[in-house]
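The primary structure of each chain is shown beneath.
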Amino acid sequence: AQSVTQLDSHVSVSEGTPVLLRCNYSSSYSPSLFWYVQHPNKGLQLLLKYTSAATLVKGINGFEAEFKKSETSFHLTKPSAHMSDAAEYFCVVRRREYGNKLVFGAGTILRVKS
Amino acid sequence: GAVVSQHPSWVICKSGTSVKIECRSLDFQATTMFWYRQFPKQSLMLMATSNEGSKATYEQGVEKDKFLINHASLTLSTLTVTSAHPEDSSFYICSATSSGRTGEQYFGPGTRLTVT
């Protein structure tokens, strides 16, 4: 069985301060992991993905995530938050043996204060 | 590249009527398309997986006769919500993937369905 747990439903940061969105996964196999962002009433945009290459993955808009197998974590970070980063973020795991189905975490709403 | 569109972006219909939502891959051939449902303030839940030219595979708890999925070509899949009820009001999102793109799913912008 597999699942993905986003540890915080809401995160609030001030503009210019670091962002940390936490994600833990469980999987019997080496997973593919993704972070997606969704702005209100919009579709999903891929921020970054991990597919068993480098454990530190750099994505768009200054975001990055580190795959830590020992901790089964894939936390999303950004050194300095912008107002435009305010959105909902989803951590997602994929298992190829199940036809590339994606399993979504519950989401973390990021609020950026001015 | 890898653009997926959905039409309409929003729709309001009366209870008891049917609504069709289209999902198109604009610049690649989608061998597999997925349909998700997202309730307000909740995560995405996979409804079904469809492969071009074959019947869709529905997730547990999703009514096949209510949510009709057709994937007639490599660039088009449709979701028809039949005899819609207010509880079917939701945000429906499709995604598409092809064998030539390492299995990555590309998401459409979503369709907001409101049933009155």
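Please read these numbers as outputs of a predicted model, since none were measured by experiment. (Residues numbered from 1 in each chain as written. Chains lettered and ligands numbered in written order. Predicted model: local features only at pLDDT ≥ 70, side-chain atom pairs only at ≥ 80, totals over all residues. Heavy atoms only, no water.)

A. Just the overall build of chain A, in detail. Along its length, chain A carries zero helices and 12 strands. Each helix and strand of chain A, ordered N terminal to C terminal, gives the series β-β-β-β-β-β-β-β-β-β-β-β. For a compact globule of 114 residues, the expected C-alpha radius of gyration is about 13 Å, and chain A comes in at 14 Å, within 12% of that figure. Dimensions of chain A, computed from C-alpha atoms along their principal axes, come out at roughly 45 × 30 × 20 Å. Within chain A, the fraction of its 114 residues that count as buried is 44%. Surface summary for chain A: the accessible area is close to 5600 Å², and the carbon and sulfur share equals 52%. A gap of 6 Å separates the mean positions of the 13 positive and 8 negative side-chain charges of chain A. (Helix = DSSP H or I, 4+ residues; strand = E, 2+ residues; numbered from the N terminus. Rg over C-alpha atoms; globule rule 2.2 N^0.38 Å. Buried < 20%, exposed > 50% of the residue type's maximum accessible area, 1.4 Å probe, protein only. Areas by Shrake-Rupley, 256 points an atom, 1.4 Å probe, with all protein chains shown as cover. Lys, Arg positive; Asp, Glu negative; His and termini not counted. Charge placed at Lys NZ, Arg CZ, Asp CG, Glu CD.)

B. Expanded view of the layout of surface pockets. Counted as a void, the largest pocket has a volume near 290 Å³. Looking at the largest pocket, it is lined by 15 residues, and the ones nearest its centre are Gln38, Pro40, Asn41 and Glu88 of chain A together with Lys41 of chain B. (1 Å grid on protein atoms, 1.4 Å probe; cavity = no way out; pocket = protein on both sides within 12 Å on 5 of 7 lines; lining within 4 Å. Points joined across faces, edges and corners; volume = space filled by probe spheres on them.)

C. Examining the interface of chain A and chain B more closely. Counting residues at the interface gives 18 residues for chain A and 19 residues for chain B. For the pair chain A and chain B, the summed buried surface comes to about 1400 Å²; carbon and sulfur atoms form 49% of the total. Summed over the three residues of chain A that lose the most area to chain B, namely Leu44, Lys101 and Phe104 of chain A, the buried surface amounts to 29% of that side. Summed over the shared surface of chain A and chain B, the result is one salt bridge. A salt bridge links Lys101 of chain A to Glu59 of chain B, with the nearest nitrogen and oxygen atoms 2.7 Å apart. (Contact = heavy atoms within 4.5 Å. Buried area = accessible area lost by both parts, 1.4 Å probe. Salt bridge = Lys/Arg side-chain N within 4 Å of Asp/Glu carboxyl O.)

D. Focus on the packing of aromatic side chains. For the structure on display, the rule yields 13 aromatic pairs over all chains. Note on Phe63 of chain A and Tyr89 of chain A: the rings are 5.5 Å apart at their centroids and 45° apart in plane angle, and the pair reads as tilted. Taken as a pair, Phe63 of chain A in the loop between strand S7 (56-58) and strand S8 (64-68) and Tyr89 of chain A in strand S10 (residues 87-95) lie far apart in primary sequence, 26 residues in all. On the basis of relative accessibility, which here comes to 2%, the residue Phe63 of chain A falls in the buried class. In this structure an aromatic cluster arises from ring pairing among Phe34, Tyr36, Phe90 and Phe104 of chain A together with Tyr36 and Phe107 of chain B. (Phe/Tyr/Trp six-rings, centres within 6.5 Å; stacked < 30°, edge-to-face > 60°.)

E. How the structure looks around the sheet that holds strand S7 (residues 67-73) of chain B. Residues and elements named next belong to chain B. In space, the four strands of this open sheet follow the order S1-S3-S8-S7, with antiparallel pairing throughout. Each of the sheet's edge strands pairs with one partner strand only, and the pair in question is strand S1 (4-7) and S7. When the angles between neighbouring strand axes are averaged without regard to direction, this sheet yields 15°. Pairing analysis gives five bridges linking S7 to strand S8 (residues 76-81), with the strands arranged antiparallel. When the sheet's bridge partners are listed, Ile69 is paired in S8 with Leu79. (Pairing = 2+ DSSP bridges. Axes fitted to C-alpha atoms, helices over the stretch in contact; angles between N-to-C directions.)

F. Main features of the environment of Val103 of chain A. Relative to the elements of secondary structure, Val103 of chain A occurs in strand S11 (residues 101-104). Spatially, the C-alpha atom of Val103 of chain A lies 23 Å from that of Val19 of chain A, the residues being 84 residues apart in sequence.

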